[in-house]
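# Chain and residue survey
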Amino acid sequence: MKIIPEQTTNLIQLSGQQRIKLDTAAICFFALGMFLAAMIIHHLGFFPV
């Protein structure tokens, strides 16, 4: 089977874009989790402010 150079570059670009989307989603999910954890800790009264 012959590999066309245009196909390999398209696959590399597609995987690169997918990785960026995954990292962005992971960062947003992590930030949301930290925010919710802070709200729960504050609601339980561990850090009265």
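In the block above lies the structure referred to throughout.
This one's a predicted model, so the numbers in the text were calculated from it and none came from an experiment.

Okay, the overall build of the protein next. Per the secondary structure count, the protein includes one helix and zero strands. Across the 49 residues that make up the protein, the buried fraction comes to 0%. A total accessible area of about 5,100 Å² is found for the protein, and carbon and sulfur atoms account for 74% of it.

A contiguous nonpolar surface patch, about 560 Å² in accessible area, is contributed by I40, I41, L44, F46 and F47. With respect to the helices and strands, the residue F46 is situated in the segment after α1 (5-44). For F46, a relative accessible area of 58% gives the class exposed.

Calculation rules
Residues numbered from 1 in each chain as written. Predicted model: local features only at pLDDT ≥ 70, side-chain atom pairs only at ≥ 80, totals over all residues. Heavy atoms only, no water. Helix = DSSP H or I, 4+ residues; strand = E, 2+ residues; numbered from the N terminus. Buried < 20%, exposed > 50% of the residue type's maximum accessible area, 1.4 Å probe, protein only. Areas by Shrake-Rupley, 256 points an atom, 1.4 Å probe, with all protein chains shown as cover. Patch = residues over 30% accessible without salt bridge, like charges linked within 9 Å, V, L, I, M, F, W, Y side chains within 5 Å. Salt bridge = Lys/Arg side-chain N within 4 Å of Asp/Glu carboxyl O.

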